[in-house]
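Below are the chains, spelled out letter by letter.
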Amino acid sequence: MVEKSVGGARASQWFRSIRGSRNPRLRLVCFPHAGGAASSFRSWAHHVPDDVELLAVRYPGREDRLFEPAAERMEELAEPLADACATLTGSPLALFGHSMGASVAFEVTVRLARTPGAAGAEALFVSGRAGPGRNRHRDLADATDEKLVEDLIAMSGATAEALANEELRELFLPAVRADYRLIERYAASVPTPTLDLPVYAYYGDQDDEIDEDSVNAWSAVTRSTFVARSFPGGHFYLDDRTAPLVADVLARLGVKAATPATA
């Protein structure tokens, strides 16, 4: 990969290699949810075969980019990430995003498709997010810390223990606020069919934030194949359904998933 500067950082600073491959037949780039980080995709490494490179996006304002300002507008993420993805040449590229990450992945895909000479993405996978124009805004960016914590625990009980620690909250909540502000300001830039690639949408069948109709709204962004699939669970269904989800994503790309015993 040829290094270049994008958004004030080297292209490689936007990605964490979850599973590397010297000569990948495919690259899969994963975009985290609001408040999330690249490490949320660590468990995927066990299900990806050796010839697939798995990359997770490093948003500023968390983990190893903790002291960088978090983005508060979609353009601050989508534009440099599109530039960074454009450097991933030599292998087919697919993008997966969960929740806020689905919208970021979509905007990056749109920008790649518009970039002269860029290879573009082979497929877009969106998860836990209503299609453009169907998203609910909950006005949480300026809520109290207590309200933010309450909301985060309600959506993902796994964060409850960490959020009980005041020092961790001081590090974690600014990025959450920034992400919520980004979501609340965001409106999809292209409400009509603009992509010529397959779009696959996943969601939890007990997710209070979305339903089948709002997920199917993603069909409006592509002139190609659209498929929606539900999994048992809530907004973070993928935490408990990692293996079947990754297997389905890879199968759509013509790749057989690895198993933990052989990964």
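Above this text sits the structure in question.
Residues numbered from 1 in each chain as written. Predicted model: local features only at pLDDT ≥ 70, side-chain atom pairs only at ≥ 80, totals over all residues. Heavy atoms only, no water.

Draft legend 1. Structural view of the overall build of the chain. Counting its secondary structure elements, the chain contains 7 helices and 9 strands. For the chain, whose C-alpha radius of gyration is 17 Å, the value lies close to the compact-globule estimate of 18 Å for 263 residues. Considered along the principal axes of its C-alpha atoms, the chain spans approximately 45 × 45 × 40 Å. Out of the 263 residues in the chain, the part that is buried amounts to 52%. Excluding contacts between residues fewer than 6 apart, the proportion of contacts in the chain whose partners are at least 24 apart in sequence is 79%. For the chain, the computed accessible surface area is about 12000 Å², with 46% contributed by carbon and sulfur atoms. One way to put it: in the chain the 28 positive side-chain charges average out to a point 6 Å from where the 37 negative ones average out. (Helix = DSSP H or I, 4+ residues; strand = E, 2+ residues; numbered from the N terminus. Rg over C-alpha atoms; globule rule 2.2 N^0.38 Å. Buried < 20%, exposed > 50% of the residue type's maximum accessible area, 1.4 Å probe, protein only. Contact = heavy atoms within 4.5 Å. Areas by Shrake-Rupley, 256 points an atom, 1.4 Å probe, with all protein chains shown as cover. Lys, Arg positive; Asp, Glu negative; His and termini not counted. Charge placed at Lys NZ, Arg CZ, Asp CG, Glu CD.)

Draft legend 2. Local environment of the pairing of strand 4 (residues 26-31). Across the 6 residues of strand 4, 6 count as buried, placing the element largely inside the fold. Across the two faces of strand 4 the burial is the same, with Leu 26, Leu 28 and Cys 30 and Arg 27, Val 29 and Phe 31 all buried. Where strand 4 and strand 6 (residues 93-98) come together, 5 bridges link them in parallel fashion. Looking across to strand 6, one finds that Arg 27 is bridged to Leu 93. (Pairing = 2+ DSSP bridges.)

Draft legend 3. Representation of the nonpolar core within the structure. Phe 15, Phe 31 and Val 108 are the most contacted members of the largest nonpolar core, which has 54 residues in total. For this core, the leading source of residues is helix 2 (residues 100-114), giving 8 residues. Leave out the neighbours within four places in its chain, and Phe 15 touches Val 29, Leu 55, Ala 56, Val 57, Arg 58, Leu 81, Ala 84, Cys 85 and Leu 88. Val 48, Phe 96, Tyr 202 and Val 249 belong to the second-largest nonpolar core, a separate cluster that totals 27 residues. (Core = buried A, V, L, I, M, F, W, Y, C linked by side-chain atoms within 4.5 Å.)

Draft legend 4. How the structure looks around helix 1 (residues 74-86). Along its 13 residues, helix 1 runs 18 Å from first to last C-alpha, staying within 8% of the 18 Å computed at 1.5 Å per residue. Burial in helix 1 covers these residues: Met 74, Leu 77, Ala 78, Pro 80, Leu 81, Ala 82, Ala 84 and Cys 85. (Expected span 1.5 Å × (residues − 1).)

Draft legend 5. Just the pairing of strand 8 (residues 199-204), in detail. Summarising burial for strand 8: 6 of the 6 residues are buried, a large majority. Examined bridge by bridge, strand 7 (residues 123-127) and strand 8 share 4 bridges and lie parallel to one another. Each residue of the ladder has a partner; that of Leu 124, found in strand 8, is Val 199. Here 6 bridges tie strand 8 to strand 9 (residues 226-231), and the two strands are oriented parallel to one another. Pairing of Gly 204 across the sheet is with Phe 231, part of strand 9.

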